[in-house]
Amino acid sequence: MADDWTMPEGSLMAGKRGLVMGVANDKSIAWGIAKQLSLQGAKLAFTYQGEALEKRVRPLAESIGVQHMIQADVTDDASMDAAFAALQSAWGTLDFVVHAIAFADKDSLKGSFVGNTTRAGFALAMDISAYSFVDVCRRAAPLMPNGGAIIALTYQGSERVVPNYNMMGVAKAALEASVRYAARDLGPKKIRVNAVSPGPMRTLAMAGISGGRQLMTAARDWSLLKEDTSMEGVAGCALWLLSDLGKSVAGECIHVDAGFHVVGVPEGVEA
Ligand code: NAD
């Protein structure tokens, strides 16, 4: 565990088995969530994007006793088929899924949204960052005969304009709408579908966005709590939604951003 990790152990997830998608390294939001779920007694499986990431992800997975490591690229139906078939034959059923996957090409994450968004760039970002969530819901639901919980990771660039976030903001808006529609479809099956919307955090995905450093500074300085979004806070929210504590919560998007999302005009800006 990281030295600064202060979350307590517990048993909120005892007896639950779930899939965490999107660990790339020890800075990944999916990794923070996985650590927290494991500390609370969950049994975990990881999917990782490809062989290049395996050598980073495997030691992390082993350190928290992850039971299954499965390669899955969300743009490749055959690899998704194989991943969910492997899960079904290993476990039979699932209690929860964490979807922490997003991608847009570099040109789609800088400068003019109108000028830099191509047909191909639009389709790629939507495929990996939004459609993949719908696909995962469709594959996971049959493995949840007794109900379950699914979360997606989003960002408030879906709701308001954020410099350079551009195409990813559009994809996150589609993701959040997909969360609501999936929550309606799967609600009668007692599968709760929700989203967590963290403030900016220093991860690999964040490094792909131009001006990411300035974004983090503004998010901290203008936030209500005057602090960065913490991994503990994000993991704690995920734990709440995925555990039975989150009962009755469906179709929701929870901001974990030190209150940044409610600020209309930052301190120090005079009328
Ligand atoms: P990350 O780079 O650690 O994780 C992104 C993951 O997406 C990686 O594991 C990568 O392998 C995976 N991925 C990309 N394309 C894929 C594909 N084709 N198939 C399978 N996996 C693929 O970065 P992160 O910041 O931890 O991102 C996780 C989620 O959190 C993303 O949805 C991101 O948009 C969201 N988020 C991040 C921030 C932030 O500031 N870092 C804020 C809010 C939301």
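In what follows, the structure referred to is the one given above.
Here's what I pulled together on the structure shown here. (Residues numbered from 1 in each chain as written. Predicted model: local features only at pLDDT ≥ 70, side-chain atom pairs only at ≥ 80, totals over all residues. Heavy atoms only, no water.)

### Structural notes on the site of the ligand
Alright, step 1. Residues in close proximity to the ligand total 27 residues, the closest being Ser28, Gln49, Lys172, Met201 and Thr203.
Alright, step 2. Ser28 places a polar side-chain atom, nitrogen or oxygen, 2.6 Å from an oxygen atom of the ligand.
Alright, step 3. Residue Gln49 places a side-chain N or O atom 2.7 Å away from an oxygen atom belonging to the ligand.
Alright, step 4. Protein contact buries 94% of the 810 Å² of open area that the ligand shows by itself.
Alright, step 5. Take the shell around the ligand: its biggest share by element is three residues, from helix α7 (residues 204-207). (Near = heavy atom within 4 Å. Polar contact = N/O pair within 3.5 Å; in protein donor to acceptor, adjacent residues only side chain to side chain. Areas by Shrake-Rupley, 256 points an atom, 1.4 Å probe, with all protein chains shown as cover. Helix = DSSP H or I, 4+ residues; strand = E, 2+ residues; numbered from the N terminus.)

### Points about the packing of helix α1 (residues 29-39) against helix α9 (residues 231-242)
Alright, step 1. Between α1 and α9, the least distance of the axes is 8 Å, while the angle of their chain directions is 60 degrees. Overall, the two elements α1 and α9 adopt an arrangement that is oblique. By crossing handedness, the relation of α1 to α9 is classed as right-handed. Along the contact surface, α1 presents Ile29, Gly32, Ile33, Gln36 and Leu37, while α9 presents Met231, Val234, Ala235, Ala238, Leu239 and Leu242.
Alright, step 2. When grouped by side-chain class, the residues that make up the contact of α1 with α9 number nine nonpolar, two polar and no charged. (Axes fitted to C-alpha atoms, helices over the stretch in contact; angles between N-to-C directions. Parallel < 35°, antiparallel > 145°, perpendicular 65-115°, else oblique. Left-handed = near helix turned anticlockwise from the far one by under 90°. Contact = heavy atoms within 4.5 Å. Nonpolar A, V, L, I, M, F, W, Y, C, P; charged D, E, K, R; others polar.)

### So, the sheet that holds strand β3 (residues 68-71)
Alright, step 1. One open sheet holds the seven strands; their spatial order is β3-β2-β1-β4-β5-β6-β7, and the pairing between them is parallel. Every interior strand has two partners, whereas the edge strands, β3 and β7 (253-256), have only one. The sheet shows a mean angle of 20 degrees between the axes of neighbouring strands, direction not considered.
Alright, step 2. Examined bridge by bridge, strand β5 (residues 148-153) and strand β6 (residues 191-198) share six bridges and lie parallel to one another. Bridge assignment links Ile151 to a residue of β6, and that residue is Asn194. (Pairing = 2+ DSSP bridges.)

### Topic: unusual backbone geometry
In most cases, non-glycine residues show a negative phi, while peptide bonds are predominantly trans.
Alright, step 1. Of note, the phi angle at Lys190 is positive, near 65 degrees, even though the residue is not glycine.
Alright, step 2. Position of Lys190 relative to the elements: it lies in the loop between α6 (166-186) and β6.

### Digging into the state of the cysteines
Alright, step 1. By the definition in use, this model includes zero disulfides.
Alright, step 2. Cysteine Cys137 remains unbridged, with the sulfur of Cys253 as its closest cysteine sulfur at 14 Å.
Alright, step 3. The thiol of Cys253 is unpaired, and the distance to the nearest cysteine sulfur, on Cys237, comes to 9.1 Å. (Disulfide = S-S within 2.5 Å.)

### Side note on the packing of aromatic side chains
Alright, step 1. Under the criterion given, the structure shown has two aromatic pairs.
Alright, step 2. An angle of 90 degrees between the planes, with centres 6.5 Å apart, marks the rings of Trp31 and Phe46 as edge-to-face. Within this pair, whereas Trp31 is found in helix α1, its partner Phe46 is found in strand β2 (residues 43-48), the two being separated by 15 residues in sequence.
Alright, step 3. Among the residues examined, Phe46 registers a relative accessible area of 0% and is labelled buried.
Alright, step 4. With 4.8 Å between their ring centres and 70 degrees between their planes, Tyr155 and Tyr165 make a pair best called edge-to-face. Remark: Tyr165 occurs in the loop between β5 and α6 and Tyr155 occurs in the loop between β5 and α6; sequence separation between them is ten residues. Exposure class is identical for Tyr155 and Tyr165. Each is buried. (Phe/Tyr/Trp six-rings, centres within 6.5 Å; stacked < 30°, edge-to-face > 60°. Buried < 20%, exposed > 50% of the residue type's maximum accessible area, 1.4 Å probe, protein only.)

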